[in-house]
Amino acid sequence: MPHAQHRYARHAASGFGMAGALVGLLFWLDTGQLRQIVAFSGNEWIAAAVMWLGIGSVFAGLKCVIARIDSDDDDDEGPRGGGGHRGPQGGQMIPIRVEARWRERR
């Protein structure tokens, strides 16, 4: 498996793992009486799975974005803006004549 796909799968799995821990913690602490709401819904496993998938997709995406931002693939060395081209006279300013036109309001 290529490095990028392996890194994506690893961070997505850890995001879904964190989401499972969060859903378990929400049920254990019974925040907002979530345990009773899910328990009396009739489809306990489906409600818990949908909640886990929703939170897991957010956490997995966030983990992958943070991993991409923190990666060392970016090359921040060297000149920036214009590829290091200094211009015709080594970076000195060149005056340019511009004709000014007067427009009357209508």
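Small disclaimer: the values here were computed from a predicted structure and weren't measured.

## Here's the deal with unusual backbone geometry
Argument step 1. Positive phi outside glycine occurs at D30, with the angle close to 55°.
Argument step 2. Examined against the element boundaries, D30 turns out to sit in the loop between α1 (3-29) and α2 (34-39).
Argument step 3. Not every positive phi belongs to a glycine, and Q33 is a case in point at roughly 55°.
Argument step 4. Considering the arrangement of structural elements, one finds Q33 in the loop between α1 and α2.
Argument step 5. Overall, the relative accessible area of 55% leaves Q33 in the exposed class.

## Some remarks on the packing of aromatic side chains
Argument step 1. By the definition in use, this model includes 1 aromatic pair.
Argument step 2. Ring plane angle 55° and centroid distance 5.2 Å describe the contact between F16 and W52, whose orientation is recorded as tilted. Of this pair, F16 sits in helix α1 while W52 sits in helix α3 (residues 44-70), and the two are 36 residues apart along the sequence.
Argument step 3. Judged by relative accessible area, which is 24%, F16 ranks as partly exposed.

## As for the nonpolar core
Argument step 1. Counting residues in hydrophobic clusters, the biggest one holds 6 residues: V23, F27, L34, V38, A48 and M51.
Argument step 2. Mapped onto this core, the elements with two or more residues apiece are α1, α2 and α3.
Argument step 3. Apart from the residues within four sequence positions on either side, M51 is in contact with V23, L26, F27 and L34.

Conventions and cut-offs
- Residues numbered from 1 in each chain as written.
- Predicted model: local features only at pLDDT ≥ 70, side-chain atom pairs only at ≥ 80, totals over all residues.
- Heavy atoms only, no water.
- Helix = DSSP H or I, 4+ residues; strand = E, 2+ residues; numbered from the N terminus.
- Buried < 20%, exposed > 50% of the residue type's maximum accessible area, 1.4 Å probe, protein only.
- Phe/Tyr/Trp six-rings, centres within 6.5 Å; stacked < 30°, edge-to-face > 60°.
- Core = buried A, V, L, I, M, F, W, Y, C linked by side-chain atoms within 4.5 Å.
- Contact = heavy atoms within 4.5 Å.

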